[in-house]
Amino acid sequence: MALNAVNGDAESINGEIEKLEAQLEDARARLKLSQLSTRDEDPTASILKPSPSSSTHFLLLLSDSALPLGSFAFSSGLESYLAHNPRASTFSDFLPSSVSSFASTTLPFVLAAHRDPKSLFELDDQLDAAVICTVGRRASIAQGRALLSVWERSFRSAVPDVPEVQLLRDFSALLRESKGEIPVVSAHLAPLFGTICSMVGLSLHQAAYVFMLSHVKALISAAVRASVFGPFQAQKVLAGERVQNMIELMIDREWNTPVEKAGQSVPVMDLWIGRHELLYSRIFNS
Amino acid sequence: MGSPFPASSSRAGDGRIVVKLSPAGTSSLEAITYQYPLKLISPSPSANQKSVLVFILSYGGGLVGGDSVNLSINIHEKSKLSLVTQGHTKVFKSPSPDIVTSQTLQVRVDDDAALCLLPDPVQPFESSVYVQTQIFKLAPRASICFLDWVTQGRSARGEDWSFIRWTGRNEIWQRGDEAVGKDRLLVRDTVVLSGPDSLLLGRPLKETMHKTGVFGTLLLRGDLMKPVGDFFLNEFAALPRIGARDFRSAEDRAQEEAAQSESERWSSHRIHKEKEEGVLWSAANVRGCVIVKFGAKTVEAGRNWIGSMLIREGSIAHHFGSEALMCVQ
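As recorded in an unreviewed UniProt entry, chain B goes by Urease accessory protein UreD and comes from Bionectria ochroleuca. Per UniProt, chain B has the following entry under Sequence similarities (unreviewed entry): "Belongs to the UreD family."

In the nomenclature of an unreviewed UniProt entry, chain A corresponds to Urease accessory protein UreF from the organism Bionectria ochroleuca. Looking at chain A in UniProt, the text filed under Sequence similarities (unreviewed entry) is "Belongs to the UreF family."

What follows covers the interface of chain A and chain B. Taken together, the contact pairs 47 residues of chain A with 40 residues of chain B. Summed over both sides, the interface of chain A with chain B buries roughly 3,800 Å², with 61% coming from carbon and sulfur. On the surface where chain A and chain B come into contact, there are four salt bridges. Across the pair arginine 287 of chain B and aspartate 128 of chain A runs a salt bridge, and its minimum N-O distance is 2.9 Å. Our count for the chain A to chain B interface comes out at 14 residue pairs in polar contact (both at pLDDT 80 or more). Looking at the side of chain A that touches chain B, the elements that each hand over two or more residues are α2 (10–38), α4 (78–84), α5 (91–115), α6 (120–130), α7 (134–155), α12 (241–254) and α13 (267–274) of chain A. Per-class residue counts for the side of chain A that touches chain B are 24 nonpolar, 11 polar and 12 charged.

Quick look at the packing of aromatic side chains now. Residue and element names in this part refer to chain B. Inspection of every chain in the model, using the stated rule, returns 20 aromatic pairs over all chains. With centroids separated by 4.2 Å and ring planes inclined at 25 degrees, the aromatic side chains of phenylalanine 136 and phenylalanine 146 adopt a geometry described as stacked. A residue pair is termed long-range when its members are at least 10 positions apart, and phenylalanine 136 in strand β12 (residues 129–138) and phenylalanine 146 in strand β13 (residues 143–151) qualify at 10 residues. The same class applies to phenylalanine 136 and to phenylalanine 146, which are both buried. The rings of Trp149, Phe231, Phe232, Phe236, Trp266, Trp281, Phe294 and Trp305 are connected pair by pair, giving a single aromatic cluster.

Residues and elements named next belong to chain B. A cis amide bond links tyrosine 36 with the next residue in sequence, proline 37, at an omega value of 5 degrees. Structurally, the position occupied by proline 37 is in the loop between β2 (27–34) and β3 (38–41). In this structure, lysine 211 is a non-glycine residue whose phi angle is positive, near 65 degrees. Considering the arrangement of structural elements, one finds lysine 211 in the loop between α2 (205–208) and β16 (214–221).

A few words on the sheet that holds β2 of chain B. Residue and element names in this part refer to chain B. Spatial strand order, β2-β1-β6-β9-β12-β14-β15: seven strands in an open sheet with mixed pairing. Edge positions in the sheet fall to β2 and β15 (184–194), since each has one partner strand and no second. Adjacent strand axes in the sheet meet at a mean angle of 10 degrees, parallel and antiparallel pairs treated alike. Across 10 bridges, the pairing between β12 and strand β14 (residues 165–174) is parallel. Note that in β14 the partner of tyrosine 130 across the bridge is tryptophan 166.

A few words on the pairing of strand β4 (residues 52–58) of chain B. Residue and element names in this part refer to chain B. Counting buried positions along β4 gives six out of seven residues, so the element sits mostly inside the fold. For β3 and β4, the ladder comprises four bridges, and the chain directions are antiparallel. From the neighbouring strand, lysine 39 faces β4, where its bridge partner is leucine 57. Bridge analysis of β4 against strand β7 (residues 80–85) gives five bridges, and the strand direction is parallel. From the neighbouring strand, isoleucine 56 faces β7, where its bridge partner is threonine 85.

What follows is about the nonpolar core. Grouped together as the largest cluster of nonpolar side chains are 127 residues, with contacts concentrated most on Leu62 of chain A together with Ile17, Leu81 and Leu115 of chain B. With near-sequence residues (within four places) excluded, isoleucine 17 of chain B lies in contact with Leu29, Ala31, Ile32, Leu40, Val54, Leu71, Ser72, Ile73, Asn74, Leu81 and Leu83 of chain B. If you look at the next biggest cluster of nonpolar residues, it comprises 37 residues, including Leu279 of chain A together with Val214, Val292 and Ala301 of chain B.

What follows deals with α12 of chain A. All names here are of chain A. Given a rise of 1.5 Å per residue, 14 residues ought to cover 20 Å, and the 20 Å separating the end C-alpha atoms of α12 matches this to within 8%. For α12, the complete set of buried residues consists of Val243, Met246, Ile247, Met250, Ile251 and Glu254. End-on, the buried residues of α12 take up no more than an arc of 130 degrees, which puts them together on one face. α12 presents Glu241 and Asp252 as exposed residues on the side facing more than 90 degrees away from its buried surface.

Mapping arginine 184 of chain B onto the fold places it in strand β15. Along the primary structure arginine 184 of chain B and isoleucine 172 of chain B are separated by 12 residues, whereas in three dimensions their C-alpha atoms are 8.7 Å apart. Apart from the residues within four sequence positions on either side, arginine 184 of chain B is in contact with Asp125, Ile182, Pro183 and Val184 of chain A together with Ile172, Trp173, Gln174 and Arg287 of chain B. Only 3.2 Å separates the side chain of arginine 184 of chain B from the backbone oxygen of proline 183 of chain A, close enough to count as a polar contact.

Moving on: empty space enclosed by the protein. The gaps of empty space that remain are located by a probe, the size of a water molecule, rolled over the atoms. All names here are of chain B. Tallying each qualifying case throughout the model produces two cavities of 30 Å³ or more. Of the voids in this model, the largest cavity is the one considered here, and its volume is about 80 Å³. Forming the walls of the largest cavity are 14 residues, and the residues nearest its centre are Val150, Trp166, Val191, Phe215 and Thr217. Elements with a contribution of two residues or more to the lining of the largest cavity: β13, β14, β15 and β16.

Analysis parameters
Residues numbered from 1 in each chain as written. Chains lettered and ligands numbered in written order. Predicted model: local features only at pLDDT ≥ 70, side-chain atom pairs only at ≥ 80, totals over all residues. Heavy atoms only, no water. UniProt positions renumbered as here; feature names shortened; annotations may be inferred. Contact = heavy atoms within 4.5 Å. Buried area = accessible area lost by both parts, 1.4 Å probe. Salt bridge = Lys/Arg side-chain N within 4 Å of Asp/Glu carboxyl O. Polar contact = N/O pair within 3.5 Å; in protein donor to acceptor, adjacent residues only side chain to side chain. Helix = DSSP H or I, 4+ residues; strand = E, 2+ residues; numbered from the N terminus. Nonpolar A, V, L, I, M, F, W, Y, C, P; charged D, E, K, R; others polar. Phe/Tyr/Trp six-rings, centres within 6.5 Å; stacked < 30°, edge-to-face > 60°. Buried < 20%, exposed > 50% of the residue type's maximum accessible area, 1.4 Å probe, protein only. Pairing = 2+ DSSP bridges. Axes fitted to C-alpha atoms, helices over the stretch in contact; angles between N-to-C directions. Core = buried A, V, L, I, M, F, W, Y, C linked by side-chain atoms within 4.5 Å. Expected span 1.5 Å × (residues − 1). Arc of directions from axis to C-beta. 1 Å grid on protein atoms, 1.4 Å probe; cavity = no way out; pocket = protein on both sides within 12 Å on 5 of 7 lines; lining within 4 Å. Points joined across faces, edges and corners; volume = space filled by probe spheres on them.

Structure follows, in structure tokens:
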């Protein structure tokens with residue numbers, strides 16, 4: 001018995017170490033919180049989580065199309081779809097496919113990161129392994145890094161010093177060191193979005209909704225610039241019940257999907273996005 | 001006299017294959033066991049075989065609703081295994097949506113060992129529910145080539161992505177060494193197709209599949225597969241630009257075509273066929289693995305395409321023997 005315990009397989013010992021480390025981290029975070037909350041004389045320190053009005057404020061900021069993520073540069077396969085189906089393409093066909101595909105591949109990562117911001121590193125790595133096309137990876141990383149910059153340069157100073165602030169600091173430090181074929185972290189959009197939403201006080205559902213709506217808005221804006229329809233039609237689609245239902249349906253569908261089971265629900269989307277590089281003329285990066 | 005067939009393991013649908021290098025220097029089977037409804041057959045080895053060949057079969061030619069097959073494979077250092085099937089893996093309808101038919105494949109490949117898995121496509125029938133999980137744990141110098149493809153069903157009977165659900169998950173892990181101990185996920189490729197989910201968004205699944213009759217993924221990793229991966233990446237990069245116009249005169253074109261090398265001629269012939277048969281594909285390098293995705297209007301078009309690419313490049317036949325390619329030609 002004793003011998004067994006000594007030799008015990010490396011995996012279980014590793015597991016134990018990880019658990020203990022997680023406990024330590026948790027305890028440190030709690031210590032920090034309690035230290036902060038005992039400083040009663042400092043009026044700003046007592047606000048640990050953003051107040052409801054501040055969370056509405058951030059909800060509006062994060063859903064604003066002026067948020068500098070560079071989303072306007074990406075069409076998420078729309079441009080390629082139009083080029084592949086020159087005669088038979090309609091936006092009303094593409095929209096549900098794109099929304100479904102985007103939700104099934106990325107929404108579980110937003111939800112997981114919001115529920116447990118500490119898992120950001122792990123989620124980022126897992127998403128990096130799951131994005132199987134160059135163009136899609138580029139789009140996700142470009143927007144993720146932009147969001148991280150927005151956090152560092154603009155949001156951080158306005159958010160109370162919750163433990164996750166240090167987490168994001170560590171994340172971007174690691175990102176600067178990451179290179180090579182298999183980087184430790186890549187800064188994909190979805191997990192960072194979930195983490196930051198939770199830090200600025202958005203609810204889980206709000207985070208998911210803003211994430212999905214931003215995708216639809218970016219698509220529709222791309223459609224306007226690709227001359228699919230005009231700006232009034234664009235607002236009509238956005239305001240319509242169909243888009244609202246679609247987003248709610250997707251949030252429902254992915255609410256309990258573990259990230260290990262997130263996957264592509266519209267396989268041709270991978271082909272269109274992957275083949276974007278083959279277009280003779282391009283106005284978008286994806 | 002003992003039974004000429006390998007002994008069976010105990011749980012229904014379980015199977016196990018162990019391959020190692022024989023003292024003579026060829027790959028050989030150390031163990032092969034299976035249990036109904038799974039069946040494994042390996043033709044008797046020949047002296048100069050490049051890899052061990054194993055057929056994955058199922059009794060009755062398919063998986064009945066609720067069947068569960070679990071195959072685990074160990075490929076020891078320096079040995080090679082080729083896995084093939086005999087005809088489509090049919091997935092019959094499930095009596096109810098919560099009865100799931102499943103196949104699980106767990107593969108461990110050691111250093112300098114290799115696996116080639118080029119099966120026939122999975123053919124899910126109307127009202128079937130299927131989950132497939134394939135997990136590959138590779139040593140740093142291991143190589144694999146595997147194809148995972150699914151068809152629209154029995155097109156002759158009007159089936160067109162008419163199943164309830166089809167889920168396929170492929171994971172490639174790099175095994176941690178003794179010092180680090182932790183396995184690292186390299187690639188996770190998951191496809192989740194659901195008829196009812198698609199209808200919720202107002203469109204039947206077949207519409208979102210956009211007239212493809214077969215959809216496939218080829219995954220490549222390791223030193224042995226590097227030339228194959230590069231071949232796909234180069235051919236992809238050399239595809240003609242979509243929406244480009246050919247401003248050459250007929251004369252110039254004829255002249256240029258006459259001056260083409262043999263491989264250029266082969267490429268342009270293949271590209272012409274891709275267009276004709278509705279083959280769309282893309283290739284990408286993801287964390288040291290090459291992933292090729294393709295869709296085609298018909299199963300035969302898809303088979304011809306992937307087969308012609310792999311045969312043309314030549315590494316598969318060279319390293320595993322031409323039998324490894326029997327399902328893609």
